[in-house]
Every structure is written in C-alpha cells, then in structure tokens.
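# Per-entry structural report
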Amino acid sequence: MRLIKLSAAAAAICLILSACSVKNSPSVAGINYVKYDVNAAKISDGYITVARNGKFMLDANTSNGDFKVVNNASGKEWYSVPPDGDDDRITNGISLSNNRSQVVVGYIYTGDLSMQSEASYTDSFTECLNGGIITEIIENGIRVTYHFSVIGLELSVEYTLTENGLNVCVPYDRINEGDKIALISLKILPAFGAGNEDSDGYIVVPDGSGAVINFNNGVANGYEKIIYGSEIDTTATVSVNREQNISLPVFGMINGNDGFSAFITSGAQSAGICAQSGSERYRYNTVSSKLYYRVNSPVIMFDTDFSNKVQVNNWMLSIYDKDFSLEYRFLSGNSASYSGIAAAYRGYLEEIGAFSVGLPEPALHLDLYGCIDKSDAFLGFKYTKMLSLTTFSQTKEIVETLRKRGINEISLRYIGWSNSGVRNESVPRKVSFISKLGGKKGFDDLNSFLKKSDIDISYSVDLNYYKTGNKAGSLRTSAGKLIYKYDYLRSVYVRLNTTAMRVADAGLLLDASTDYLESYLKTGAERISFINLASCCFADYGPEDALPRSEMSESCNKILENCVNGGLRVTLEKSNAYALPYTDTVVAVPMSSSGYKIFDYDIPLYQIVLHGKKRLATGSFAQSSDRDLLFLSAVESGTELLYTATYNGSSLLRDTDFDYLYSSDYMLWLDEAIDYWERSHELLYSVYDKIIVNHKYINSYVTQTTYENGVNVTVNFGDNDFVTDEGVTVAAGSFNATAGEEQ
C-alpha cells in the first residue's frame, strides 16, 4: 500500500466551501440535477419546505444547499450555518469561512505534495463560482453535491428528515477525488446550530466520562479529538498528562430551552469531534464531527543527528471506503440538558440491540494479579523468572476473608493466571496453566469453590500486546518498522525503560482468538475478560498491507460474538461503544475528563448513558491518589467499586516493571473497602437496574442524580455541609439518598 509523505513543516490545510451556486456545474453520474441561478434567493428568504413530519420540518435553500430544521413543538430553528453570519465582526480568517460553510475539506496534492489553502470567504466564493454547489431534492430531504473545480474534488452529502430529527450521510461512492489531490479529512456542518455571543447554553463532549463547555467561556483554543483513542505515537518520549479517550461517539449542544444530541452511526472509528467556545477571537459556539479519510504515521528521520532531525508525515494512500453517517435528535423543554443528550443516545443504543444481554447484580469488584515476570541474571546470563503474586488457593483465602467480614457480593477478574502471566511473552493461542499458581488442579479447585459460593469470576486475556514473535501480524509504521507500546512514569509521564510490547494487528487478533477461545472453553469457565480488546482501535500503516482503524474494531466484535455464541459472559475494560452489545460488565470506566482548559466542568456522561443497562465499575481504588473523591464520584454516578488485589505483592514487586501494584496488597485496603461497601451497597442495590433520568449541579460542589425509580442522590464534594431545599443536611465529603416518585 502506497503512502503519501509530507514534511511536518507543512500542516494540514483546509479548503472551505461557502454558500454559493452556479448555473453550469459538472455533476456526479446518475443524478438528475435541478440547477439554480447564482443570484437565487438569499438565506433570509430563500427557503422552501422539502420534508416534514409530525415533529419536524426541513426547509432548504436549494440555490446554495443551506437548510434549517424546525422543531414544531418549540418552534426552534436549527440552521446549517448561522443566519446572522454576515454580521460577524469578531471571527477572522479561516474560522470565519468555516462558520459560513456546510463542509470543510482537508487535502494534499499528490504530485508535488504541496499544500493548498482556500481560507478566506472571498476565495471560497470564487471557488464556488468555478465549480459549484448543486442541490437535489430527494425523499425526505436534499442531496447537496459540492464541486471544487480547481482541485478536481467532488463529493455529496445527503440531509434527510427522520422521526427523531436529522440524518446526515456522506456516501463513499459519491466521492470523486480526481487525480490532483488526496482527500485527508471532511468536517461536516461545523457551525450547525451555532450559538452567538448573546446565546445562553453549553456544549457537551464525551471526553473521558464527559465534559461541558459553556457558551462564551472566553477560551480561544478549540477542542478536537479522534474517537476511540489516538494512534500509538512512535515519536513521543513523553505521554500527555491525564489524557482520556472518547469511548462514545456522541456530542451535543443546549441552546436556551432547546438542544440536540448528535451521534455517529457509521464511521466513528475514523472520525473525531470538534468544539469551539465563543471568545474575543470567535463569535460562535460550535460542535461538530470530522471524518479522517486518511491517517498519518509520522516518522522521525535522522533521529540520532539532532541538528538534522526532522519529522516526516506519512499519509496512508488507501482511503476510508465506507459511508459516513450521523444523526441529530432534537430536544426541548425538560429534555434539553446533558442528561437529555445522554438519554437520546441511550435510546439509539437500545434500538440497535446494544442492551440485549442480561444485567448482573452489583458487587465489590476485585482485580486479582497472578504471575508477573522479572528480569534477572545468574553468572552473567540474563533470564526471565516468574513471580507469584496471588495463587489459586490464596484467591480462595482472600474471598473467604471478605465473606467473613460480611461481603458476599463479589466479582473477580483474574489477571495473569495462565501462560506467561500478566505480560504476554507471545500472542496467546491456548490456555497453559501456571504451576506456581497451582496448576490445573488449583484452577479447578478455585473454579469449583467459586461456583458453589455463587461468586462471579472472569479469567482475563490480553490479545493485543506481546513481547516477541508474530512479526507478520504486528502493527507497523509506514516505513515497515514495528510499532511498540511503551510505559510512562505515572508522576511526570516520561517514557520508562521497561519492556516494550508489540501490538497485534486486526488479522492476528482474530486468528489467535479462534485458537485461544477453543482452549478456554475447555476450562469450564463461564465468563471471560478482555483487558485491551474493546478499548484499542489502531490503524496498520504497513507499506504492503495498510488497514484502517475500522478493521480492528470489526475484529474485536467478531471475537466477542464468538465468545457469546460459545456461551460465555463477557467483561470488558474501558469499552468503546461498538463492543457494548456483547458485554454485561464494563470495568475501569472513565471517572473524569482530560481536564482541558476549554472544559468548564466534568459530567458522568458515560454512566448516564449506560447505567441500568450495563454493570459498571471504577478503576482501581488501590491505585487512586484520592480514594475519597473516587468514592464520591462512584456514588454520584452509580458506579460499582473495584480494588486491585494481591496476596504477596509488597514483598515481590521491587525492581520489577509492576511497582505500581505496591498498594494492591489486600490487607492494606481491606478495612477501607469494607467501609466504602457498607456505606454504598444498599444504594447500589436500589438503583443498579435503573437508568439515570437526570443529573445536575446544584452548585459548584454539590450534585444530584435522579433515577427512574425516583431515588435522588445528593453528593457533597465540598468542604462545608450543604442543606437541601427539603432541609436535609448533607455533610461535607458525604452523600444522602432519598426515595421519591417513580419517573
């Protein structure tokens, strides 16, 4: 597969398509166009109704492709571009053009690899006159074809009305790149529904647990992030602090008493979310989606020669070759809130069958660590030895200790229980029991004990990362070099000198899983856990067999489908949306956002979407720097508690790559875990199968969560007591739960 190489000195450039039209424009084959005069009706008075139903109406200006959706109930009009855009005296340059555009394309020339910019509104208008926008009325909406004659690019976008709102589709078969350029990205409706400096509202993005960007917060730097996590950066020596991924492809906006929830229904693996708040440099508050048709694999050239060191971008020549679609669902009244945005997306997930598996009862979750590897030497010869942190029999002892202390609701996840332990020596293809942990007999005894005790356990496997072997199935850079995953120091995020792990590509994942699953089913286990499978989504840049990110997510789903068909229940870690139909339990769910400056406050969007449909558990309390804060956040969002557990951890972890497990010795956290469980388990049982119908901030430090059965949970994160409107005192650093009317 060929790749396009471009010096890092030239950044990705966008070409903006603004509102204009032509008489004589080239067309995509098969379309019977109605062509309009360039002097046709303006945005203020040029709309005609092209589709309507009982809830909404779609009006379009067929001379330039602009449109608006009217909410019949509230009367709110949602414009594709701001209707007062001509009055913008705040925004300048390319951002001004963005706000007047329905689509923004990024591209590079394939001949001399030079970049081209059409940044101003005037240049874009001239471009339109040379090519054009052609609008066709289709069933329930319009198809708009955008033709860039200078660069030879043509593409179409279909905007259609649905019972829930607006559907937007970019058909792949209607993209014609020509022979001059390679399409890199497409930003769709960058200023749809934009609020101006007088608007009262906010933007919701799914960064980590979720975050809110208030309108006009004055932060000039915008937000852009790829969905399902970034590619592995082979050039970085420092990791970004607190970086959280996007696990759900949903975003939204609240503007006054109305709002919308938007979610990508096809192509999310190759898409991102962009947002901007109003400031001295930008008039409008905007949020939109962006499709990355080609991914970039930067390579450092002359990395040992500092004076000549340069980063070269390598754009994959193979294009994302599937349709891209997203849906806007409109909200008004009480539903116009971030809880309403989450509810709309939850409704969509329900429609596609993401909640078809059963829901387990709440439990205290334990991540048990079995064997780890440690580098050592004897008579000058280096070798790797195995260290046992928790044997099968010691697992029984930990469980019995918890039960004696009154905790019977336990869910276990056993990590590093087979083969080469926590860290794969090679890609696992079968189950090989570890003698240091008790071998097959010890495993069978533990499994039998837990079944009789009605305790849930999943045995974990990591198919994604491994030390050696399978070069042919490893992710590669565009230069053909293997891609490695590195560990970073958790305090300052500098790369550690630990064992680098290879990354399995989509084909190897699926191939290895077939053999492994056949072996796993013979163990008698009833549940399986995947550590990275549902949270890793990478492209393969290999020069001969480059593959887009969607290949890895598709392999993930095939693996999970095989597990479910084999009768296994599935536990996932930090699950991305595409894997949700196959699991009933997600652990290590995000509990905060990345904390970017543009964010005004965090919200538990992930939990509002999934609570009552999936069993959710936090990351490890044992590794948390503020356990009380994590506990309150868990109570706030109905998330169950998880601890990392080892039996021999403290004495064996020195001089290993696993020193982050020091605090996992179960005797160190046992009393604390029991206290947290006793304070929260009655609440968890009362709401675990109930959806969250509302979450709100009462003030900067106090939140209230309302469940469908009427239970209200008020959490006080502040340093002072808080008195509710009902006269109930919620102590500082505590919470209060009250019964209410069923919602």
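Rules of the game
- Residues numbered from 1 in each chain as written.
- Predicted model: local features only at pLDDT ≥ 70, side-chain atom pairs only at ≥ 80, totals over all residues.
- Heavy atoms only, no water.
- pLDDT = per-residue confidence, 0-100.
- Contact = heavy atoms within 4.5 Å.
- Pairing = 2+ DSSP bridges.
- Helix = DSSP H or I, 4+ residues; strand = E, 2+ residues; numbered from the N terminus.
- Axes fitted to C-alpha atoms, helices over the stretch in contact; angles between N-to-C directions.
- Salt bridge = Lys/Arg side-chain N within 4 Å of Asp/Glu carboxyl O.
- Buried < 20%, exposed > 50% of the residue type's maximum accessible area, 1.4 Å probe, protein only.
- Core = buried A, V, L, I, M, F, W, Y, C linked by side-chain atoms within 4.5 Å.
- Parallel < 35°, antiparallel > 145°, perpendicular 65-115°, else oblique.
- Left-handed = near helix turned anticlockwise from the far one by under 90°.
- Expected span 1.5 Å × (residues − 1).
- Nonpolar A, V, L, I, M, F, W, Y, C, P; charged D, E, K, R; others polar.

### Thoughts on the confidence of the model for the chain
Looking at the chain, pLDDT values average 88 and 86% of them are 70 or higher. Taken together, the stretch residues 1-44 has pLDDT below 50 and engages in 150 contacts with residues farther than four places along the chain or on a different chain. Confidence drops under pLDDT 50 across residues 117-126; counting only partners more than four residues distant or on other chains, this segment forms 23 contacts.

### Let's talk about the sheet that holds strand 28 (residues 465-466)
Strands sit in the order 28-30-29 across an open sheet of 3 strands; the sheet is antiparallel. This sheet does not close on itself; its edge strands, each paired only once, are strand 28 and strand 29 (484-485). Taken together, the 2 bridges between strand 29 and strand 30 (residues 501-503) define a ladder with antiparallel strand orientation. Note that in strand 30 the partner of K485 across the bridge is M501.

### Description of the sheet that holds strand 6 (residues 77-79)
Spatially, the 4 strands line up as an open sheet ordered 3-4-5-6, and their pairing is antiparallel. Because the sheet does not close on itself, it has two edges, and the strands there are strand 3 (48-52) and strand 6. Each strand axis lies, on average, 25 degrees off the axis of its neighbour in the sheet, ignoring direction.

### Some thoughts on the pattern of salt bridges
Under the counting rule described, the total for this entry stands at 36 salt bridges. Its salt-bridge partner being E77, residue K68 comes within 3.2 Å of it at the nearest N-O pair. You can call K68 buried: its relative accessible area is 11%. Exposure remark for E77: the relative accessible area of 32% places this residue in the partly exposed category. A salt bridge links R549 to E231; the nearest nitrogen and oxygen atoms lie 2.7 Å apart. With R549 in helix 7 (residues 549-565) and E231 in the loop between strand 15 (223-226) and strand 16 (250-255), this residue pair connects regions lying 318 residues apart in the sequence. Under the relative-accessibility criterion, R549 is labelled buried at 1%.

### Focus: the nonpolar core
F67, Y159, L166, V205, F260, Y328 and F530 are the most contacted members of the largest nonpolar core, which totals 180 residues. At 10 residues, the largest contribution of residues to this core is made by helix 11 (residues 666-687). If we ignore the near neighbours within four places in the chain, the residues touching F530 are R413, V461, L463, I559, L560, C563, V570, T571, L572 and E573. One finds I415, V422, I531 and F658 within the second-largest nonpolar core, a separate group that totals 10 residues.

### Thoughts on the packing of helix 9 (residues 627-637) against helix 11
The N-to-C vectors of helix 9 and helix 11 enclose an angle of 20 degrees; their axes lie 11 Å apart at closest approach. Here helix 11 runs roughly parallel to helix 9, going by the angle between their axes. When the axes of helix 9 and helix 11 are compared, the crossing they make is right-handed. On helix 11, the residues that touch R627, D628, F631 and V635 of helix 9 are W669, E672, Y676, R679, S680 and L683.

### Focus: helix 4 (residues 392-404)
The end-to-end C-alpha distance of helix 4 is 19 Å, a good match for the 18 Å that 13 residues give at a rise of 1.5 Å each. For helix 4, the complete set of buried residues consists of F392, Q394, T395, I398, V399, T401 and L402. Residues of helix 4 that are buried in the fold lie against strand 23 (364-369), strand 26 (410-415), helix 5 (439-452) and helix 11. One or two positions beyond helix 4, positive phi appears at G406, with a value near 100 degrees.

### Overview of the packing of helix 4 against helix 5
To characterise two packed helices, one gives the angle between the axes of the helices and the distance between these axes. Where helix 4 contacts helix 5, the two axes come as close as 8 Å, and the packing angle between them is 20 degrees. For the element pair helix 4 / helix 5, the angle class is roughly parallel. For helix 4 against helix 5, the interelement crossing comes out left-handed. Here helix 4 contributes F392, T395, K396, V399, E400 and R403 to the contact with helix 5, which in turn contributes G439, G442, F443, L446, F449 and L450. In the contact of helix 4 with helix 5, the residues fall into 6 nonpolar, 3 polar and 3 charged.

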